[in-house]
Amino acid sequence: MNVSLFVTCLADIFYPGVGKDTVEVLERHGCNVKFPENQICCGQPAFNSGYHEDTKKAAKHTIETFADADYVVLPSGSCAAMLLEYKELFADDPEWEKRAEELASKTYELTQFLVRVLKVEDIGAVCHKKATYHTSCHMSRLLRETEAPFSLLEQVKGLELAPLANKESCCGFGGTFSVKMSAISEQMVEEKVGHIEATGADLLIGADCGCLMNIGGRIERNGKTIEVKHIAQVLNSKE
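Residues numbered from 1 in each chain as written. Predicted model: local features only at pLDDT ≥ 70, side-chain atom pairs only at ≥ 80, totals over all residues. Heavy atoms only, no water.

Caption draft 1: A look at the sheet that holds strand β5 (residues 130-133). A sheet is described by the order of its strands in space; here 4 strands give the open sequence β6-β5-β7-β8, paired in parallel fashion. The open sheet is flanked by β6 (160-162) and β8 (227-230), the only strands paired with a single partner. Ignoring strand direction, the axes of neighbouring strands in this sheet form an average angle of 35 degrees. Here β5 runs beside β6; their pairing, made up of 3 bridges, is parallel. By the bridge assignment, Ala131 is partnered in β6 with Leu161. Taken strand by strand, helix α12 (residues 209-221) contacts β7 (203-206) and β8, and its axis lies near 175 degrees from that of β8. (Pairing = 2+ DSSP bridges. Helix = DSSP H or I, 4+ residues; strand = E, 2+ residues; numbered from the N terminus. Axes fitted to C-alpha atoms, helices over the stretch in contact; angles between N-to-C directions. Contact = heavy atoms within 4.5 Å.)

See the structure below:
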């Protein structure tokens, strides 16, 4: 099965290990992973800031970059959701709307792809930790994916998964929101970290690098020792 990896900006620049783990997990389950080197940002920062014409430039480039892909897989619910937004972005342009629909039909967030397409839940991972999972907003509210990450984590040998209070609450990142509304964002992430600490977990798992960067930064500033990992890193773990 041929899979094209859309690694996302944050993974590429700040969390390259997430991209590596994503590739290794997919390859271990029979995928031939390709990496189109001319991929760029999905356009989400511009889109969320209201610059839709600028977003179209990035969207067209992305559509063309992955035009020949059988499947497009992303280690990010947020960016995967953005690719699905392209259909609405080009609602007044029949040609590009059709191409956007074609991209959307083969686009999957990593855990979605593993569970829904590859039909695998036991990845063979081992992680002897007490963990809790942060449910990111875009993945749960826009992709409407709330089950796949837990289906996979429940099969990780040695992993004790503690429920997180108010798991549906945003961590306060929201991309440009954390910059434009920094005071509100700070309070939101502080509340999130408090709930994480209350679980007694020594590991926080999430599926979006943006959320993990925001929460992890706050954990570090608070002087806590809770480890932060993307779910791809846990699924590729043998510890």
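This is not the end of the story, as more comes after the structure.
Caption draft 2: Broad picture of the nonpolar core. Of all hydrophobic cores here, the largest spans 57 residues; its most connected members are Leu26, Tyr86, Leu114 and Ile205. Sort the elements by how many residues they give to this core and helix α5 (residues 77-89) lands first, with 7 residues. Once you skip the residues sitting within four places of it in the chain, Leu114 turns out to touch Val25, Leu26, Lys119, Val120, Ile123, Leu152 and Leu235. With 12 residues, the next largest nonpolar core counts Leu164, Phe173, Ile196 and Leu212 among its residues. (Core = buried A, V, L, I, M, F, W, Y, C linked by side-chain atoms within 4.5 Å. Buried < 20%, exposed > 50% of the residue type's maximum accessible area, 1.4 Å probe, protein only.)

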